[in-house]
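Residue-level listing of the chains:
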Amino acid sequence: MTPLERALRDRILSEGPITVEAYMHACNGYYYATRDPLGAAGDFTTAPEISQMFGELVGACLADCWTRAGKPADAAYVELGPGRGTLAADALRAMRSSGLEPPVHFIETSPVLRKAQAGAVAGASWHDDLSSIPAVPVLLVANEFLDALPVRQFVGGLERKVIAAAGGLAFDRDGVISEDSPARNAAAAQVASHLAANGGVALIIDYGYSKSAPGDTLQAVRGHRFAPLLDKPGEQDLTAHVDFESVATAAREAGASVTPVAMQGQWLERLGIAARAEALARAHPARAKEAESARKRLCDADQMGELFKAIAFHSPKWPAPAGFEP
Ligand code: SAH
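Summary of the structure given here. Given the structure is predicted, the values throughout are model-derived calculations rather than measurements. Every chain begins its residue count from 1, and numbering advances along the sequence as written. In view of the model being predicted, local features appear only for residues whose pLDDT reaches at least 70, and side-chain atom pairs are presented and counted only at 80 or more, with totals across whole chains, interfaces and linings using the full set of residues. In computing side-chain values, all of the structure's heavy atoms are included and hydrogens and water are not.

To continue, consider the site of the ligand. Here a residue counts as near a molecule or strand whenever at least one of its heavy atoms sits within 4 Å of it. In the region of the ligand, 16 residues are neighbours, and Thr46, Gly81, Gly83, Glu108 and Asn143 sit closest. Whenever two N or O atoms come within 3.5 Å, that pair is a polar contact, provided that in protein one can donate a hydrogen and the other can accept it, and provided that, for residues adjacent in sequence, both atoms are side-chain atoms. In the environment of the ligand, an oxygen atom lies 2.6 Å from a nitrogen or oxygen atom belonging to the side chain of Thr46. Grouping the amino acids of the shell around the ligand by side-chain chemistry returns eight nonpolar, six polar and two charged. The residue classification treats Ala, Val, Leu, Ile, Met, Phe, Trp, Tyr, Cys and Pro as nonpolar and Asp, Glu, Lys and Arg as charged. All others, Gly included, are polar.

Have a look at this one:
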């Protein structure tokens, strides 16, 4: 039994069943605080860890938007859940070539990952949440952040819970499941209010679906494989697909302008990933195959190209970023 499983069983025995939302919150809090989960030796890999092209295109997209907004001198780079800091390092390098060197603010709760981020990006500041970000225009990125925030599950209108069972944990009910995520909608609304009040743009990239629909999308991943949800609490990554329609509505209601949802593959192609892969191949002929296979992995429909989606929120006073044309 994992230490967290023992703690959760004790909590359930004294307080009663806990919601799926509380279970996911407890598991991921413990999981991220105790390890670097990324990469071949970890549990999963993300787009910026696959290729530098991802972060470079994100940086170029933000720099272009900032330029068209009139180059506000006080703009800051903000990233939610920056992982190892790889995306930020690649994006900031691309921004520098457009004359943009913003101060960096990371929203990160994990002490292990804060340390990795400090190694990747010099001079950043860290925050537990968005409330302490300065009141300036922001160039904000969140890649695979919202999927880690907890979802609620419902079966026949009743909220699904986790109970203590012989030797472990179990769900209190099964059946046709639907989900929602107040935590995600709150994060989207908080980003949007900041944009509406101070200016800026936010790029949100994650796996999920464009239109709200019922379904059970909660999943556990350990060592690059799916695992049963209630196995080894706190020792595996729990995520659920992002309902982009729902976060878009939350952002719009909080005062931001919102772009249409784009497929990740389509978005990266519009931002020029093919030319970027060719330039990389020319600069490093020995790595030409690697650049091409990374491009395919990020963009092809049967890989990350369609399951992953991108959406942008922006201040109504800022232009929409490139790549989201309907
Ligand atoms: N964006 C990175 C890492 C994705 S993993 C990449 O693309 O590689 C999810 C990240 O979100 C981790 O950095 C994790 O520690 C952070 N995280 C998860 N839940 C969080 C929360 N509630 N508050 C702040 N950070 C959180």
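Attention now goes to the side chain of His314. Note on conventions: DSSP H or I runs of at least 4 residues are helices, E runs of at least 2 residues are strands, and numbering of each starts at the N terminus. Within the secondary structure layout, His314 lies in strand β18 (residues 308–314). A 1.4 Å probe rolled over the protein chains alone gives each residue an accessible area, and that area as a share of the maximum for its type sets the label: buried under 20%, exposed over 50%, partly exposed in between. The buried category is assigned to His314, whose relative accessible area is 9%. At 2.9 Å, the side chain of His314 and the backbone oxygen of Trp318 are in polar contact. Whether two residues are in contact is decided by their heavy atoms, any of which lying within 4.5 Å being enough. For His314, the contacting residues outside a window of four places in its chain are Leu195, Gly200, Val201, Ala256, Ser257, Thr259, Pro319, Ala320 and Pro321.

With respect to topology, three strands assemble into an open sheet ordered β7-β6-β10, the strand pairing being antiparallel. The open sheet is flanked by β7 (158–159) and β10 (177–180), the only strands paired with a single partner. Note: two strands are recorded as paired if DSSP finds a minimum of 2 bridges between them. Pairing between strand β6 (residues 152–155) and β7: two bridges, direction antiparallel. Within the sheet, the bridge partner assigned to Phe154 lies in β7 and is Glu159.

Quick look at unusual backbone geometry now. Although it is not a glycine, Glu144 sits at a positive phi angle of roughly 50 degrees. Within the fold, Glu144 resides in the loop between β5 (138–143) and β6. A residue is classified by how much of its surface remains accessible, and Glu144, at 14% relative accessible area, is buried. The backbone phi angle of Lys232 is positive, close to 40 degrees, even though this residue is not glycine.

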